[in-house]
Amino acid sequence: MKKVTINSVATYAGVSKKTVSRVLNNEPNVSPATREKVLKVFKELDYTPNPIARGLARNRSFIIGCLYDNPSKSYITRVQSGALEACHKHHYNLLIHPCELRGEELIANIEHLLTTSRLDGMVLTPPFSDSQELINFLKKKKVHFARVASAIDDAESISVRSNDEQGAYEITEHLIELGHSNIAFIKGHPDHSATEQRFCGYQRALAEHNITFNPKLVAEGNFSYHSGADSAKEILDLNPRPSAVFASNDYMAAAVLKLATQRQLKVPEDISIAGFDNAPIARHIWPGLTTIAQPVEEMTRQAVEQLILQISDEQTPVYQATLEAKLITRESTANYK
């Protein structure tokens, strides 16, 4: 059976080879009717693009690299889900690369990755999306990149984030409206900008409701379950014990819930517990966690989609967006008695 090529598709569809290429790469400047006609021919001829030939023809690898350094497996899974959705849509592949932000050889490692993998672009997740050193390096090397959940204001690069400060404010206000005033807070990893944003939201809610901030109610976590367990011991040993705990992510909140239960405390009757992110664990444990739904998949999908568009056309305007973080109330919080 004769191999179907891009030329075959162009002839069969009655369009130019360039038009087929534009449809294949999901580029603009193709009318909806023409795009639909070409896509129909793809199916009819069972056309599968040759990735090697495609890459050589356009001097691209069609690979997007994704950097991460995050102890939450759930977070990384959600990042991958959003990134893969955009990559599949545009016929790109995704390379997931774990790396340590604090490693002495960070820039050298990234340079080696770029050289050996021939990446067309990179998507930076926290804490890399807030590394000015890395951002400056990528700009110097003229590497296309997009930032997810970054607090850095850089008008020259793609950025998609959620309003973590507002989300933390809303969940703290929710606890206050339930009658709680003695509210403990567990911070996240110090390298992540979200940690400070969520802490600021917590403090703002206390201040606006005339509740004096008490530093003794703040514990240092790092977004991991184990750090949540250590922080929970510190918080639950306080006298008087807080009537509510707001942890900066759901895994730390789940650790607080476990220790509270082990100490024969009823949740939420004796103590209310809230988290952040709306990770799967928030709805899989009992009682279900009140939390903030952070649109991780959508942030990453938009960032990668815009990155690919920029790779295809450098004249594409720099995309920047802030998505809404939504409060989700479940059974772990209740009125203070």
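Counting starts from 1 at the beginning of each chain's written sequence and moves along it residue by residue. Reporting of local features is limited, given that this is a predicted model, to residues whose pLDDT is at least 70; pairs of side-chain atoms are given and counted only at 80 or more, and all residues count toward the totals for whole chains, interfaces and linings. Heavy atoms throughout the structure, all of them, feed into the side-chain values; hydrogens and water do not.

### A word on the environment of Phe 185
In DSSP terms, a helix is any run of H or I states spanning at least four residues, a strand is any run of E spanning at least two, and both are numbered starting from the N terminus. In this fold, Phe 185 is placed in strand β6 (residues 183–187). Only protein chains enter the accessibility calculation, which uses a 1.4 Å probe. A residue is then buried if its area is under 20% of the maximum for its type, exposed if over 50%, and partly exposed in between. Exposure remark for Phe 185: the relative accessible area of 0% places this residue in the buried category. Placed 90 residues apart in sequence, Phe 185 and Gly 275 show a C-alpha to C-alpha distance of 9.9 Å. Setting aside residues up to four positions removed in sequence, Phe 185 forms contacts with Arg 198, Phe 199, Tyr 202, Leu 217, Val 218, Ala 219, Phe 246 and Ser 248. When checking whether two residues touch, look at their non-hydrogen atoms; a contact exists if any pair is within 4.5 Å.

### Some thoughts on the domain arrangement of the protein
Segment limits for the domains were obtained from an automatic or database-derived domain assignment. Partitioning the protein into structural domains gives domain 1 (6–49), domain 2 (61–162 + 296–324) and domain 3 (164–294). Across the boundary between the two partners, domain 1 contributes four residues, which contact six residues of domain 2. When domain 1 packs against domain 2, close to 440 Å² is buried across both sides, 48% of that on carbon and sulfur atoms. Buried surface area refers to the total accessible area, computed with a probe of radius 1.4 Å, that the two partners give up upon joining, counted for both partners together. The three residues of domain 1 that bury the most area against domain 2 are Leu 24, Asn 25 and Asn 26, which together make up 77% of that side's buried surface. Any carboxyl oxygen of Asp or Glu within 4 Å of a side-chain nitrogen of Lys or Arg constitutes a salt bridge here. Taken together, the connections running from domain 1 to domain 2 amount to zero salt bridges. Each polar contact in these results corresponds to two N or O atoms within 3.5 Å; when the atoms are within protein, one needs to be able to donate a hydrogen and the other to accept it, and residues that are neighboring in sequence are counted only if both atoms are side-chain atoms. Where domain 1 meets domain 2, there are zero residue pairs in polar contact (both at pLDDT 80 or more). Broken down by class, the residue content of the side of domain 1 that touches domain 2 amounts to one nonpolar, two polar and one charged. Basically, the charged four are Asp, Glu, Lys and Arg, the nonpolar ten are Ala, Val, Leu, Ile, Met, Phe, Trp, Tyr, Cys and Pro, and anything else, Gly included, counts as polar.

### Remarks on the pattern of salt bridges
This model, assessed by the stated rule, comprises 13 salt bridges. Across the pair Arg 198 and Asp 277 runs a salt bridge, and its minimum N-O distance is 3.3 Å. Within this pair, whereas Arg 198 is found in helix α9 (residues 193–208), its partner Asp 277 is found in the loop between β9 (272–274) and α12 (280–284), the two being separated by 79 residues in sequence. Pair check on accessibility: Arg 198 and Asp 277 agree, each one buried. Here Glu 208 and Arg 204 are joined by a salt bridge, their closest N and O atoms 3.4 Å apart. Of the two residues, Glu 208 and Arg 204 are both situated in helix α9; the distance of four residues between them amounts to about one turn of the helix.

### A closer look at the packing of helix α8 (residues 164–177) against α9
As a packed pair, α8 and α9 sit with axes 7 Å apart at the nearest point and diverge in direction by 40°. The angle between α8 and α9 places the two elements in the oblique class. As for how α8 packs across α9, the hand of that crossing is right-handed. Counting all contacts with α8, which are made through Asp 164, Glu 165, Gln 166, Ala 168, Tyr 169, Thr 172, Glu 173 and Ile 176, the residues of α9 involved are Ala 194, Gln 197, Arg 198, Cys 200, Gly 201, Tyr 202, Arg 204, Ala 205, Leu 206 and Glu 208. Considering only residue class, the contact of α8 with α9 consists of eight nonpolar, four polar and six charged. Every axis corresponds to a line fitted to the C-alpha atoms, with the helix fit spanning only the stretch in contact, and the corresponding angles, defined between N-to-C directions, vary from 0 to 180 degrees. In what follows, roughly perpendicular refers to angles from 65 to 115 degrees, roughly parallel to angles under 35, roughly antiparallel to angles over 145, and oblique to any angle outside these ranges. Helix crossings get a hand from a simple test, with the near helix turned counterclockwise from the far one by less than a right angle marking a left-handed crossing and a clockwise turn marking a right-handed one.

### With respect to the sheet that holds β9
By this definition, two strands are paired if DSSP reports at least two bridges between them. Spatially, β7-β6-β8-β9 is the arrangement adopted by the four strands of the open sheet, whose pairing is parallel. The open sheet is flanked by β7 (218–220) and β9, the only strands paired with a single partner. Pairwise comparison of adjacent strand axes, ignoring direction, gives a mean angle of 15° for this sheet. The pairing of β6 with strand β8 (residues 244–247) spans four bridges and is classified as parallel. What sits directly across from Ile 183, in β8, is Ala 244. Packing of α9 onto the sheet brings it into contact with β6, β7 and β8, and relative to β6 it is tilted by some 170°. With respect to the sheet, helix α11 (residues 250–262) is in contact with β6, β8 and β9, its orientation differing from that of β9 by roughly 160°.

### Re the sheet that holds strand β11 (residues 320–323)
If you trace the six strands from one edge of the open sheet to the other, you get β2-β1-β3-β4-β5-β11, paired in parallel fashion. The open sheet has two edge strands with one neighbour each: β2 (93–98) and β11. Ignoring strand direction, the axes of neighbouring strands in this sheet form an average angle of 15°. Summarising the sheet, strand β1 (residues 63–68) and β2 pair through six bridges and their orientation is parallel. Within the sheet, the bridge partner assigned to Ile 64 lies in β2 and is Leu 94. Each of β1, β3 (121–124), β4 (144–148), β5 (158–162) and β11 is contacted by helix α13 (residues 296–312), which is oriented at about 165° to β4, the strand it contacts most.

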